[in-house]
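Structure at a glance
Here is what each chain is made of, one letter per residue.
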Amino acid sequence: MELAYVCEWEKRPKSTHCPSIPLVCSWSCRNLVAFTTDLKNDDDDKDVSHMIHIIDTEHPWDVYSINSGHTEVISCLEWDQSGSRLLSADGDGQIKCWSMSDHLVNSWESVLSSSLDGDPIVALSWLHNGVKLALHVEMSGSTNFGEKFSRVKFSPSLTLFGGKPMEGWLAVTVSGLVTVSLLKPGGTLLTASESLCRLRGRVALADIAFTGGGNIVVAATDGSSSSPVQFYKVVVSVVSEKCRIDTELLPSLFLRCTTDPLRREKYPAVTHLKFLTRENSEQVLLCASNQSGSIVECWSLRKEGLPVNNIFQHRSPVVGEKQPTILKWRILTTTNDLERVSAVALPKLPISISNTDLKVASDTKFCPGLGLALAFHDGSIQILHRLSLHTMGVFYGSSSSSGQRPGDESAIKRQRTGGPALHFKALQFSWTSLALAGVDNHGKLHMLRVSPSMGQVLEMNTTLRHLLFLLEYCMVTGYDWWDVLLHVQPTMVHNLVEKLHEEYMRQNQALQQVLATRIVAVKASLCKLSTATAARACDFHAKLLLMAISSTLKSLLRPHVLNTPDKSPGDRLTEICAKNTDTDIDKVMINLKTEEFVLDGPPLQSLQQLIQWVGDFVLYLLANLPNQGSMVRPGFGFMRDGASLGMLREMLVMIRIWGLLKPGCLPTFTATSDNQDSMQLLFRLLTKLWLCSRDDGPPQDPDESLIDECCLLPSQLLVPSMDWLPVNDGVIVKLQGKHPLRLQFGKASSLPGGGTTAPLEVFTRSPGSQKMDNLRCVHMGVCPTEESKACTRCGCVTMLRSPNKTNAMKQWEQRWIKNCLCGGLWRRIPPTPLT
């Protein structure tokens, strides 16, 4: 485990956090981290602003701070399953739902709220949507994604008509109330509250889990280790347009440390209560503490046979009769005496814990999802096995950046003098369990990377297999893979990209279509980590744009007759262009039904900049063909990509036909000759290159005549300079080294340079260069006046407001309103300052 970076406030508040103020931290599946601080006003100590801060991990200095409006300390933060909405709850019973404004990660607004005045919230959760995956380590060598990541049968907490899950949230209060707020389709809230049991009592700690049958389980304790930990089943339903809550008492448990004569009075308070996973209500983690130490226990709910009285032992058994059973909590394991625990983080990776999967994980040293993290008041963190609670890794805070290997008990028990003054008050795992985010008692945000093998030395192939397995999981789920990239070294990039492509090609056609853009985005972000493959990142980004433009242009085609065959005009275009290998674009056009390409003028004219990009891109590729002697130059990846070259060829045919109907939509080329047919020339050369790399034959090198003709292209047509990709100012490339980074909120300029090698020319921009709208393919000028947004993942820049009002362009822009081409989130960027 290594310290990745520390973020500090640009201005430290005068009054630091006292130990009694709880801090909360939450990490979403889109790699957004939310955490809280409480800032006191300099003039009035009673005036406290309860702040929520949201960052994306790729730009941690760009923090969005919200004065939440909560009147008491914020006690809970919870992201929804999509990672785009956030719940906050406080000590006055106020619950607020925050959502992105204009789908920007640095612009949030409170849209809904509910309240139980004066009743502090101790536990909070979104209702379950019924989606649950299991990750099988045993099947990591399988070629089928469906076997590696299986869908588990799981019912939503509440369903609408047709089985659609109903959205909403559930909270538990300190007085023993459970409150549910349901989001009705019209956008209004349906709220109800009910007591957990008839005899209401104080609830100091609580946690919420879900069962496969659609029920909710709440665990609660009054904070005393001598009191029982109670469990309740909660069923939510809607009856006659009203929300109904039914509760039922489940078996309870007493902590083992209270029944041990040696520890009966040693740990008087229960300080942490957590279900091991939110989808498993049968395993719970408990931590009891005193002023100087803690003990942790792991319990499991099991079905046991009920002993029968001797009177009934000699009764003749009835056929088919089974022994009566009862549910009972049994302790799985407990730790020895520990330092005082200040925070607990549980893994989110849904690793299967069957005996076979656990054995394979142990044999291959695959640790993600198996460890839980405990933070201590001395500033250290321990990773413990979630079932056996044995130590897997240790981090000693700022005094030592090197973790100890498992089994190093002497290092764990050693007493250090003058330990760090800081300790973590909130701790959260990322969604692949490869990183930890924590907030210390002074409000600093820390990020730690957690090794997939917990620091154990592995062969390179095993390490690659572990990282590949997690990248595939992120592809299937749609979760962000930023935390996986933390562990990818530049020497691994090429092998990972190749192996990922091999696994992808083994899937069925339907799954390949679903994952087509995701795998290209994963490859692009991997290639940015190494200077040897950085040019390929440009190619992958260009491929994403190419795929999007192709599907958009094909969607404009309409069948001439309604009762057409099964194939769409776009499919017929693809089939005919694949069969017809003629280098004359007009001869290929003859075989098409041109009436299917008849469109009104305005849609074509409004899409001209996209059509222009296609023409410029083909010209750039062909003009640079003679220079592609190595993989360093952008565009190399397309020279052997028959599918992409075929896609470009189809679009040239479409553009040629549309040019006959509306000449204004044609791409503009600067030619040296007035009678030069640029489209004909580019199509002929592109077809020759495509024939060398078709999928139905062995790849061939371009012949000398083609290379000679491409050498002459710059003398016939003016070759544009393609703005392949904006400069990505994210932090991930800077984290490849072993040394920790220290950053400050609001100061991106403090980021040190990454690596010793000079960046590629394509990634450098002079101050006076034109800024490019990478989605609309238009220039914005040297100092754009329009508000812009940038992708948090790839750095793609586009204007926030549309300058085009035509329907065709609106449809194109609506495709990217929530996400970038690569699937990354948008963040607002400040305008370029005038120099």
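Residues numbered from 1 in each chain as written. Predicted model: local features only at pLDDT ≥ 70, side-chain atom pairs only at ≥ 80, totals over all residues. Heavy atoms only, no water.

With respect to the overall build of the protein chain
Counting secondary structure elements, the protein chain contains 18 helices and 37 strands. Contacts spanning at least 24 positions in sequence make up 64% of the contacts within the protein chain whose residues lie at least 6 apart. When the accessible surface of the protein chain is split by element, carbon and sulfur atoms take 51% of a total near 37,100 Å². (Helix = DSSP H or I, 4+ residues; strand = E, 2+ residues; numbered from the N terminus. Contact = heavy atoms within 4.5 Å. Areas by Shrake-Rupley, 256 points an atom, 1.4 Å probe, with all protein chains shown as cover.)

A closer look at the packing of aromatic side chains
Going through the model one piece at a time under the given rule, you end up with 14 aromatic pairs. Between the aromatic rings of Tyr473 and Tyr479, the centroid separation amounts to 6.0 Å while the plane-to-plane angle is 75°, which identifies the pairing as edge-to-face. Where Trp613 meets Phe617, the ring centres are 4.8 Å apart and the plane angle is 10°; that geometry is what we call stacked. You can see Trp613 and its partner Phe617 sitting in helix α14 (residues 608-623), four residues apart, about one turn around the helix. Across this residue pair, the class does not change: Trp613 and Phe617 are buried. Among the aromatic residues, ring-to-ring pairing joins Phe145, Phe149, Phe366, Trp431, Phe469, Tyr473 and Tyr479 into one connected group. Across the ring face of Trp481, the terminal group of Arg793 is positioned such that the distance to the ring centre comes to 3.8 Å. (Phe/Tyr/Trp six-rings, centres within 6.5 Å; stacked < 30°, edge-to-face > 60°. Buried < 20%, exposed > 50% of the residue type's maximum accessible area, 1.4 Å probe, protein only. Lys NZ or Arg CZ within 6 Å of the ring centre and 35° of its normal.)

Digging into the UniProt feature "repeat: WD" (unreviewed entry) in the protein chain
The UniProt record annotates "repeat: WD" (unreviewed entry) at residues 67-101. Annotated as 0% helix and 57% strand, the span residues 67-101 places its first and last C-alpha atoms 16 Å apart. (UniProt positions renumbered as here; feature names shortened; annotations may be inferred.)

Brief notes about the environment of Phe395
Among the structural elements, Phe395 can be located in strand β28 (residues 391-395). On the accessibility criterion, Phe395 (3% relative accessible area) is buried. Counting along the chain gives 15 residues from Phe395 to Ser380, while the straight-line C-alpha distance between them is 5.5 Å.

Focus on the sheet that holds β28
Strand order across the open sheet formed by four strands is β25-β26-β27-β28, with antiparallel pairing between neighbours. Strands at the two margins of the open sheet, each flanked by one partner only, are β25 (341-345) and β28. On average, each strand axis in the sheet is inclined to that of its neighbour by 20°, with strand direction left out of account. Of the pairings in the sheet, the one linking β25 to strand β26 (residues 371-376) comprises four bridges and is antiparallel in character. In the sheet register, Val341 faces β26, and the bridge partner there is Phe376. (Pairing = 2+ DSSP bridges. Axes fitted to C-alpha atoms, helices over the stretch in contact; angles between N-to-C directions.)

Some words on the side chain of Arg30
Relative to the assigned elements, Arg30 resides in the loop between β2 (25-27) and β3 (32-40). Despite its burial, Arg30 pairs with no opposite charge, the nearest such side chain being Asp480 at 5.5 Å. There is a polar contact of 2.9 Å between the side chain of Arg30 and the backbone oxygen of Gly823. Excluding residues within four positions of it along the chain, Arg30 makes contact with Ser82, Gly83, Asp480, Asn819, Gly823, Gly824 and Leu825. (Lys, Arg positive; Asp, Glu negative; His and termini not counted. Salt bridge = Lys/Arg side-chain N within 4 Å of Asp/Glu carboxyl O. Polar contact = N/O pair within 3.5 Å; in protein donor to acceptor, adjacent residues only side chain to side chain.)

Side note on helix α10 (residues 534-555)
With 22 residues, α10 ought to run about 32 Å at 1.5 Å a step, and its terminal C-alpha atoms sit 33 Å apart, in line with that. Across the 22 residues of α10, 18 count as buried, placing the element largely inside the fold. (Expected span 1.5 Å × (residues − 1).)

Things to note about helix α3 (residues 355-364)
Of the residues making up α3, those classed as buried are Asp357, Leu358 and Ala361. For α3, the angular spread of buried residues about the axis comes to 100°, placing them on one side. Away from its buried face, by an angle of more than 90 degrees, α3 presents the exposed residues Asn355, Lys359, Ser362 and Asp363. Following α3 by one or two positions, Lys365 adopts a phi angle in the positive range, close to 60°. (Arc of directions from axis to C-beta.)

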